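Residue-level structural notes
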Amino acid sequence: MADSLKFTDKLKEALKAKSDWLNSESLPKMLEHYRLLHTCVKNIYETLIKRSLITPDPYKLEIKISEIASPDDSHFVENERSVVMGSRFSNYESMLDYVCTYVKFSTDYINISRIKKLLDLNNAFQWSNMTINNSRPNSRVLATLIQEVRHNAPQLTVSLINDSISKSAKAINEINEILKDLMTFQREAYKVQIRHDVIEHPKFNKEKAAKSQADEIAEIKKNLPAILGKIPYYTELVQEIAAEDLAPDRQKLQELTISRLAIAIKTEKNKKVSVDYKQYLLECLHILSGLGELYSTIAEKIQTNVNIIENQKNTFFRKIIKALRKMFNFSEPPLIYDFIIIDQKKDTKSHRNVDMNIFISTLTRKSAFFTPLSNVYGAEFSKIKNYPEQNILDYLNKSITENQEILTLLTAADEFFKQNVEAHDRSKIKGLKIDLISVKNIIVKAIQKRSEYVGYIEEQEQMKKLGIKDEI
């Protein structure tokens, strides 16, 4: 077993180097590929909803995700296409969002089990084979829906869909290559864990295990549950351990194992890597663009609610006053509502007078600004791309603050309408609860993306102070 110990030491060194490389180079790239994939999928999802080809999942915001999982890919009847695909594609988009936001891209977190789950998720929709003849139900039906978009949608929308499919296919290929390399690493890490924790354990009978490969396998299988608890038993990997220790060609097998952990050496050394931090700001802006349609819907609901409240006050005397104003061409007075603003952090309440005409106008104006920015290939978004980085950051800071203020007023407005409507009109009031949740989620995601940008910039400033150059 002395040779095995020397081999284990070499293997540990190779694993440590490989782990450092995966965590610093390979896995961050995989995260970027997943972010690109998520953006593309979200573009397609939103397009299909706008074209009324799928039905939005009404439970999307209520679903709590705690682990990587793939959407159902079983067959379903044609007349359920809109609802089923709406649910499945929504689940797929939400899962990619979860992967990009909550999954830790490190060798400690993405183990063999999670690699398999990610591979299954990557195969949920076959982007490189998006045809109506695909044997997989999800991919085949999605291809059919996309074909309908290509036949009926404007060319700009078709270009966006085609580009998103192409980029999704490339992203998946890159991700799968990295996962393949990571799987190789995790297999060898599992074998090292068995060697270190099981074979080196006092309970392990080395003398008996050294008799044959079968004896070593049997000894590992017997001791593994007691020593390592619920860790999976991978028959193939345990057989590899025994072969590396006792097979006639074990020297060759050991060399092959070490070679599998080799790190690809860059051909271009000391080349500066230019990181486009502006992209984080543009992603933040694209997240905020989701407020466009929301504000349009909310403005309509608030106008409806205002009309209901004002009709309650439409007395004979007020009708006369209104007629006189119109006769003498007097402008209408401001429509002021007294909102109660609740500060959750300070646990305080305050009153604020809000001109409803100005408030509704602000929502409409914000909607008109944000809606065109949902198309990252549109003229408005392209124009902003050319702005200096600091200008975009300044605007985002201002915009996030303004939208947080709008959310506060919308929350107060929802309560105001509920409390100030007469009983017989209560059922006519348009509630804003679901809209408020959507607005809050968008603002929170935008703040998270901005924080990533600020974090990277601060890190670069710190490296400069320490005299560390951004080179590889």
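Basis of the calculations
Residues numbered from 1 in each chain as written. Predicted model: local features only at pLDDT ≥ 70, side-chain atom pairs only at ≥ 80, totals over all residues. Heavy atoms only, no water. Helix = DSSP H or I, 4+ residues; strand = E, 2+ residues; numbered from the N terminus. Rg over C-alpha atoms; globule rule 2.2 N^0.38 Å. Buried < 20%, exposed > 50% of the residue type's maximum accessible area, 1.4 Å probe, protein only. Contact = heavy atoms within 4.5 Å. Patch = residues over 30% accessible without salt bridge, like charges linked within 9 Å, V, L, I, M, F, W, Y side chains within 5 Å. Areas by Shrake-Rupley, 256 points an atom, 1.4 Å probe, with all protein chains shown as cover. Salt bridge = Lys/Arg side-chain N within 4 Å of Asp/Glu carboxyl O. Disulfide = S-S within 2.5 Å. 1 Å grid on protein atoms, 1.4 Å probe; cavity = no way out; pocket = protein on both sides within 12 Å on 5 of 7 lines; lining within 4 Å. Points joined across faces, edges and corners; volume = space filled by probe spheres on them. Nonpolar A, V, L, I, M, F, W, Y, C, P; charged D, E, K, R; others polar. Axes fitted to C-alpha atoms, helices over the stretch in contact; angles between N-to-C directions. Parallel < 35°, antiparallel > 145°, perpendicular 65-115°, else oblique. Expected span 1.5 Å × (residues − 1). Bend = angle between axes of the 7 residues up to and from the residue. Pairing = 2+ DSSP bridges. pLDDT = per-residue confidence, 0-100. Phe/Tyr/Trp six-rings, centres within 6.5 Å; stacked < 30°, edge-to-face > 60°.

1. A few points about the overall build of the protein
Helix and strand counts for the protein stand at 16 helices and two strands. Over its C-alpha trace the protein gives a radius of gyration of 30 Å, far above what one expects of a compact globule, namely 23 Å for 472 residues. Referenced to the eigenvectors of the C-alpha coordinate spread, the extents of the protein come out at roughly 110 × 60 × 50 Å. A total of 472 residues make up the protein; the buried ones form 41% of that total. Within the protein, counting contacts between residues at least 6 apart in sequence, those at least 24 apart form 76% of the total.

2. Things to note about a nonpolar patch on the surface
Together, L61, I434 and I437 make up an exposed nonpolar region whose accessible area comes to about 260 Å². Residue placement: I434 occurs in helix α16 (residues 433–465).

3. Remarks on the state of the cysteines
Counted according to the given criterion, the structure contains zero disulfides. Counting only cysteine sulfurs, C100 is the nearest neighbor of C40, a cysteine outside any disulfide, at a range of 11 Å. Cysteine C284 is unpaired, with the sulfur of C100 as its nearest cysteine sulfur at 15 Å.

4. Looking at the layout of surface pockets
Put simply, the second largest pocket is a space of about 930 Å³. Lining of the second largest pocket is provided by 26 residues; of these, I342, Q344, L407, T408 and T411 occupy positions nearest its centre. Listed by contribution, the elements that provide at least two residues to the lining of the second largest pocket are β1 (336–343), β2 (348–355), α15 (389–420) and α16. No other element matches α15, which puts eleven residues into the lining of the second largest pocket. Partitioned by chemical class, the residues of the lining of the second largest pocket number eleven nonpolar, seven polar and eight charged.

5. A few points about the packing of helix α5 (residues 155–199) against helix α7 (residues 213–228)
Where α5 contacts α7, the axes come no closer than 10 Å and their chain directions differ by 80°. Here α7 runs roughly perpendicular to α5, going by the angle between their axes. Counting all contacts with α5, which are made through Y190, Q193, I194, D197, V198 and I199, the residues of α7 involved are E216, I220, N223, L224, I227 and L228. Among the residues forming the contact of α5 with α7, the class breakdown is eight nonpolar, two polar and two charged.

6. Quick look at the environment of Y92
By secondary structure assignment, the location of Y92 is in helix α2 (residues 81–102). With relative accessibility at 0%, the residue Y92 sits in the buried group. Y92 sits 33 residues away from F125 along the chain, and the two C-alpha atoms are 8.9 Å apart. Aside from chain neighbours lying at most four places away, what touches Y92 is L37, V41, P71, L121, A124, F125 and W127.

7. Here's the deal with α7
For an α-helix the count is 3.6 residues per turn, leaving residues at separations of three or four pointing the same way. With 16 residues, α7 ought to run about 22 Å at 1.5 Å a step, and its terminal C-alpha atoms sit 21 Å apart, in line with that. Of all the bends in α7, the greatest reaches close to 30° and is centred on K222; the proline P225 follows between one and four positions later. Taken residue by residue, α7 has E216, E219, I220, N223 and L224 as its buried positions. Taken together, the buried residues of α7 touch α5, α6 (206–209) and α8 (235–246). Looking one or two places after α7, you find G229, whose phi comes out positive at around 70°.

8. A closer look at the pairing of β1
Judged from the eight bridges that link them, β1 and β2 form a sheet pairing that is antiparallel. Across the sheet, residue I336 finds its bridge partner in β2, namely D355. Counting the residues between successive antiparallel strands, the hairpin from β1 to β2 contains four residues, one of them, D347, with a positive phi of roughly 55°.

9. With respect to the confidence of the model for the protein
Taken over all residues, the pLDDT of the protein has a mean of 87, while the share at 70 or more is 91%. Here helix α12 (residues 316–327) is the element of the protein with the lowest mean pLDDT, 64, and helix α3 (residues 112–122) is the one with the highest, 95. Segment residues 266–273 is flagged for pLDDT under 50; beyond a separation of four residues in sequence, or across chains, it makes eight contacts in the model.

10. Quick notes on the packing of aromatic side chains
Throughout the structure, instances matching the rule amount to 17 aromatic pairs. Each ring, one from F89 and one from F125, has its centre 5.1 Å from the other, and the planes form 80°; the classification is edge-to-face. In this pair, F89 is assigned in helix α2 and F125 in the loop between α3 and α4 (137–152), connecting sequence segments 36 residues apart. A relative accessible area of 1% places F89 in the buried class. For the pair Y92 and F125, a centre-to-centre distance of 4.8 Å together with 55° between the ring planes defines the contact as tilted.

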